[in-house]
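Coordinate inspection notes
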Amino acid sequence: MGVDRMVEEGDFLAAYPLHDGDYNWDPIERGEPWYETDKLNERQKLFYAWADWRTFYKKQPIEIIRKYFGEKIGIYFSWLGFYTSFLLPAALVGLACFIYGIVSAAGDPVVQEVCSGPAKDFLMCPLCDTAKCGFWKLGSSCWQVRVSHVFDNSSTVFFALFMSVWGVLFLEFWKRKQNELSYDWDLFDYEKGQQVVRPQFELHAQRAAQTEKAKQKWYQTNPITMVTEPFMPASTKLPKLMASFAVVLFMISVVISAVIGVVIYRAIIVFFINRQSDLKALASIITTVTAAMLNLMFIQIFSRIYNKLAIWLTDFECPRTETEYEDSYTIKMFVFQFVNYYSSIIYIAFFKGNAKGYPGHYTTIAGKYRLDQCGVGGCL
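Residue numbering note: each chain is counted from 1, following its sequence as written. Two thresholds apply to this predicted model, a pLDDT of at least 70 for residue-level local features and 80 or more for giving and counting side-chain atom pairs, whereas whole-chain, interface and lining totals are computed over all residues. Working from all heavy atoms in the structure, the side-chain values ignore hydrogens and water.

1. Examining empty space enclosed by the protein
Using the following cut-off: Think of a 1 Å grid over the protein atoms and nothing else: a 1.4 Å probe that fits but is trapped marks a cavity, an open set flanked by protein within 12 Å on at least five of seven lines marks a pocket, and residues with an atom within 4 Å of a point count as lining. Grid points are joined across faces, edges and corners, and a volume is the space filled by probe spheres set on the points. Segments assigned H or I by DSSP are reported as helices when at least four residues long, segments assigned E as strands when at least two residues long, and all are numbered from the N terminus. In this classification, Asp, Glu, Lys and Arg are treated as charged, Ala, Val, Leu, Ile, Met, Phe, Trp, Tyr, Cys and Pro as nonpolar, and every other residue, Gly included, as polar.
Inspection of the entire model under this criterion finds one cavity of 30 Å³ or more. Counted as a void, the largest cavity has a volume near 40 Å³. Around the largest cavity, the lining residues are Val 255, Ala 258, Val 259, Asn 295, Phe 298, Ile 299, Phe 302, Asn 340 and Ser 343. Among the secondary structure elements, those contributing two or more residues to the lining of the largest cavity are helix H12 (234-273), helix H13 (283-317) and helix H14 (322-350). Among the elements that make up the lining of the largest cavity, the one with the highest residue count is H13 (four residues). Its residues assigned to classes, the lining of the largest cavity comprises six nonpolar, three polar and no charged.

2. Structural notes on helix H8 (residues 154-184)
Convention followed: Multiplying 1.5 Å by the helix residue count minus one yields the expected span of that helix. Only protein chains enter the calculation, and the probe is 1.4 Å; a residue is then buried if its accessible area is under 20% of its type maximum, exposed if over 50%, and partly exposed in between. By definition in these notes, contact holds between two residues if any of their heavy atoms fall within 4.5 Å.
Across its 31 residues, H8 extends 46 Å between first and last C-alpha, which sits within 8% of the 45 Å expected from 1.5 Å per residue. Every buried residue of H8 is listed here: Ser 155, Trp 166, Phe 170, Trp 174, Leu 181 and Ser 182. In the core, the buried residues of H8 are packed alongside helix H5 (71-104). Positive phi shows up at Asp 186, right after H8, with a value of about 55 degrees.

3. Quick look at unusual backbone geometry
Although it is not a glycine, Asp 186 adopts a positive phi angle of roughly 55 degrees. Considering the arrangement of structural elements, one finds Asp 186 in the loop between H8 and helix H9 (190-193). Positioned with a positive phi, Cys 318 is a non-glycine residue whose angle comes to about 55 degrees. If you trace the backbone, Cys 318 turns up in the loop between H13 and H14. The exposure class assigned to Cys 318 is buried, which follows from its relative accessible area of 8%.

4. Points about the packing of aromatic side chains
The way to describe two aromatic rings as a pair is by their centre distance and the angle between their planes. Rules: Ring geometry is summarised as follows: Phe, Tyr and Trp rings, the Trp one being its six-membered ring, pair when their centres sit within 6.5 Å, and such pairs are stacked at plane angles under 30 degrees, edge-to-face over 60 and tilted between the two. A ring is considered to have a charge above it if a Lys NZ or an Arg CZ atom is located within 6 Å of its centre and within 35 degrees of its normal.
Here the structure, examined in full by the defined rule, presents 24 aromatic pairs. Between the aromatic rings of Phe 201 and Trp 218, the centroid separation amounts to 6.5 Å while the plane-to-plane angle is 50 degrees, which identifies the pairing as tilted. Of this pair, Phe 201 sits in helix H10 (residues 199-208) while Trp 218 sits in helix H11 (residues 212-218), placing them 17 residues apart in sequence. Residue Phe 201 shares its accessibility class with Trp 218, and that shared class is buried. Seen in terms of ring centroids, Phe 338 and Tyr 342 are 5.4 Å apart; in terms of plane orientation they differ by 40 degrees. Their pairing is tilted. Highlighted residues: Phe 338 and Tyr 342, both in helix H14, separated by four residues, approximately one helical turn. In this structure Tyr 342 comes out as partly exposed when scored by relative accessible area, which is 42%. Across the ring face of Phe 316, the terminal group of Lys 240 is positioned such that the distance to the ring centre comes to 4.3 Å. Here Arg 320 stacks its cationic end above the ring of Phe 231, 4.1 Å away from the centre of that ring.

5. Description of the side chain of Ser 78
Mapped onto the secondary structure, Ser 78 falls in helix H5. Residue class for Ser 78 comes out buried when judged on its relative accessible area of 6%. Beyond its immediate sequence surroundings of up to four residues, Ser 78 is in contact with Ile 62, Trp 174, Lys 177 and Leu 181.

Here it is in structure tokens:
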């Protein structure tokens, strides 16, 4: 902890252990390529046999990763490798359901009725409220019904049940793997080692406790160890937490506003495209593709911004221990990323198409742009 304190106070720029040996292997100087020798040091094994996308199919050298990066990073890459390998059966079942959807599309009753049955000549209500939008035949949406069937068919129910069982099995098998690593790496008491006061918190306490009255607030006797330790008083901690909560709530509202903005964008684009006779047939494709790209752009931008913001907020709160710091950061990232990645999916599942109205009384924006509605093939 002394080195960490000196880095935090600016006495050192950085602190890290010395590396054992060079990471580069010169085949001309050594007389043989790296993949034919058994003289590689551990850094070279990581560089050539792990930190290279061409070796993605090889088993990870978890023990060397742990020795080089530490137990925390070692556990992460162990979980990542275990999760990736466990996804293989899920991917195979998903691929089988996808192929089944393609093969069975031609024989599906809904596809047959819309594409080749008598329903294909049914006249449907106009897609906009202007004179340029006329009636259209149900058969013109045949391709949408076919694509929807590929992803949403009878095998989808089986896949959903399979993934429910898969999720439970993955969690239980990972618990077993985690306990094995904890035993091999002696990590059962790891959390206790993380309860040490962070140097950043101790430095913050020293700067805040300049007077005798302030010292009485910031330093208390630990009832277990009977040692005087720094503690943040509630009068300081509560405003920090409230400010952090307000920022998180604001960012969540920004994400929800972006989703609403995409919905409004879809309504406006459909309105203007349907006024162009040469683009009317491509209105659904243009709207879906551009809106999806816009939504993806928002997700990536917000994710990058909030990742830095979450670190800044956690530093602003200044948690006392490393465990409290990681827990605070994890909660912020989980809540925001959940809203950021799944808000559009929640809209499609529960809200899209529920407020479209009926002919002559459609739900519109500004009395002009009709709200987005589900296609003939569904809301997917």
